[in-house]
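The chain contents come next:
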Amino acid sequence: MRLYAVVAAGGFRRYATYRIATAAGVFTNTVFGFILAYTYMALWDERPQLGGYDMPQALTYVWLGQALLATCAMMGGGFEDELMERIRTGDVAIDLYRPIDLQMWWLAGDLGRAAYQLMARGIVPMVLGALAFPLALPRSPGIWLAFLVSVTLGVVVSFAVRYLVALSAFWLMDGAGASQIAFLAGLFFSGMLLPLTLFPGLLGEVARALPWSALLQVPADVFLGKHTGWGLVEAFAFQGGWALALLLAGRLVQSVATRRVVVQGG
């Protein structure tokens, strides 16, 4: 485990070196936060309590989305491009023969990336949003802790989805198409565009049951106090269940790909 802790720390330092990119990301998240906040204000003025949120909760949801956009890599930009390139060039064969767990290696690095993005691109926009709008910030330290746990589970779910997308490069000439599909699905079904509680009927039920809801909708509802007591346990179980299922699926696909590499190499 010490090795993977070092890898996670390396992932944190790697993204910390791109200070101009971080500043640009903070600026972009803040600008879009203001645009979405005023859009939500107009919408909630017409439909108070829409989706079960009052105005401060809806505005808080906006800024949580901006804070978690890069943290959970809803638009990509994590490890997957590098892994797909290593698969395309055949360098992944070297990785598979190393005495490490390939999935854990990339997961550790992505956790380091997510920690940096949460601190660097999450806190500043959230603070600016709180200064400009009446946000519904939790007063209980327990809710903040539960939120961090939920975000961590969301990051693992995001990683597991993107890991499967990256592994598709073993069978596809170019993984860009799969990445684009995952990117669009992540934006729509995470609740980044609108809270999933606004989606009507069957569409809403399906959207809330898909793994992408673990990236934003669930952490946001934990932050807003929508999940308490046994409901909080169920929220964690939902995120943890998807994380486990997708990680196991990734291991299965990785195993099939490894046998393919060995056969071709032999």
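Residues numbered from 1 in each chain as written. Predicted model: local features only at pLDDT ≥ 70, side-chain atom pairs only at ≥ 80, totals over all residues. Heavy atoms only, no water.

K.L.:
If you had to explain the packing of aromatic side chains to someone new, which residues and values would you point to?
P.N.:
For any pair of aromatic rings, the description rests on two quantities: the centre-to-centre distance and the angle between the ring planes. With the rule as written, the count across this model stands at 17 aromatic pairs. Consider the rings of F34 and F133, whose centres lie 5.4 Å apart with planes at 50°: the pair is tilted. Of this pair, F34 sits in helix α2 (residues 19–46) while F133 sits in the loop between α6 (102–132) and α7 (141–167), placing them 99 residues apart in sequence. The class for F34 is partly exposed, based on a relative accessible area of 27%. Between F79 and Y163, the aromatic rings sit 6.4 Å apart at their centres with planes inclined by 40°, giving tilted as the arrangement. Here the residue F79 occupies a position in the loop between α3 (55–71) and α4 (80–89), and Y163 occupies one in helix α7, the gap between them amounting to 84 residues. Take F79 and Y163: they sit in the same class, and that class is buried. (Phe/Tyr/Trp six-rings, centres within 6.5 Å; stacked < 30°, edge-to-face > 60°. Helix = DSSP H or I, 4+ residues; strand = E, 2+ residues; numbered from the N terminus. Buried < 20%, exposed > 50% of the residue type's maximum accessible area, 1.4 Å probe, protein only.)

K.L.:
Describe helix α8 (residues 176–189), listing the residues and the values that go with them.
P.N.:
Its 14 residues place the ends of α8 20 Å apart at the C-alpha level, agreeing with the 20 Å of an ideal helix rising 1.5 Å per residue. All of the buried residues along α8 are S179, A182, F183, A185, G186, L187 and F189. Check the buried side of α8 and you find it contacts α3, α4, α7 and α9 (201–209). Of the residues one or two after α8, G191 is the one with positive phi, at around 95°. (Expected span 1.5 Å × (residues − 1). Contact = heavy atoms within 4.5 Å.)

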